[in-house]
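Descriptive analysis of the structure
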Amino acid sequence: MYSFFAYIDRMKYINRWSLMRSTERENLMEHSAQVAIIAHALAVIGNTYFGKNYDEKSVAALALFHDTGEVITGDLPTPVKYYNPEIRDAYKAVEEVATDKLLGMLPKEMRLSYEAMLRPDKDSPESRLVKYADKLSAYIKCLTELKSSNNEFKKAKNSIEKELNFISSEEVRYFMNNFIKPYTLTLDELD
């Protein structure tokens, strides 16, 4: 009996932003779906407006699985995860063990397909889009919380905004200029 998919289903129970008070709870499965939608949009933007040749379906699939190791490890807040090189490297090692465990829950014949998503080439253009989409998702979470008068996310919003401004990506710039503002609006204002 293989438990990979049952384990992945537990993503809906892993609470994101656990150290910050949130007005809206977000679980890992919802986060991954949002990152997949944004990553796919970035690929479409790149292909449509900037002559890129991204594999749009691959980007979406990579994004869906980008945090699956957190089903086992839980989410470690970014300031802690990157506090110093020792913690960063130790957490990466823990993530590798979690990935090995998840892959071991699949039939041998299926592992290669899933390994490509759980251990993608971090230097590929598609992986970079997933990383950017993950950052945009965090930024959108901050905007949503601030819209609900939760100032707990103010510092995180400013920090992530600076990071986004330093990313040299036409796709991210286009997304920021054309798709971010509606996240700050109420439902009535979206008309």
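Report on the accompanying structure. Keep in mind that this is a model prediction, so the values were computed, not measured.

This part covers the pattern of salt bridges. All chains considered together, the criterion is met by nine salt bridges. A salt bridge links Asp89 to Arg88, with the shortest nitrogen-to-oxygen separation between them at 3.1 Å. According to the relative accessible area criterion, Arg88 is partly exposed, its value standing at 29%. Taken together, the salt bridges that share partners define one network made up of Glu96, Asp100, Glu115 and Arg119.

This next bit is on the packing of helix 6 (residues 85-103) against helix 7 (residues 108-118). At a minimum axis distance of 10 Å, the contact between helix 6 and helix 7 shows a crossing angle of 155°. In this view, helix 6 runs roughly antiparallel relative to helix 7, as classed from their interaxial angle. In the packing of helix 6 onto helix 7, the handedness of the crossing is right-handed. Here helix 6 contributes Thr99, Leu102 and Leu103 to the contact with helix 7, which in turn contributes Arg111, Tyr114, Glu115 and Leu118. A class-by-class count of the residues in the contact of helix 6 with helix 7 yields four nonpolar, one polar and two charged.

What counts as what
- Residues numbered from 1 in each chain as written.
- Predicted model: local features only at pLDDT ≥ 70, side-chain atom pairs only at ≥ 80, totals over all residues.
- Heavy atoms only, no water.
- Salt bridge = Lys/Arg side-chain N within 4 Å of Asp/Glu carboxyl O.
- Buried < 20%, exposed > 50% of the residue type's maximum accessible area, 1.4 Å probe, protein only.
- Axes fitted to C-alpha atoms, helices over the stretch in contact; angles between N-to-C directions.
- Helix = DSSP H or I, 4+ residues; strand = E, 2+ residues; numbered from the N terminus.
- Parallel < 35°, antiparallel > 145°, perpendicular 65-115°, else oblique.
- Left-handed = near helix turned anticlockwise from the far one by under 90°.
- Contact = heavy atoms within 4.5 Å.
- Nonpolar A, V, L, I, M, F, W, Y, C, P; charged D, E, K, R; others polar.

Worth remembering: the numbers are spatial, not functional.
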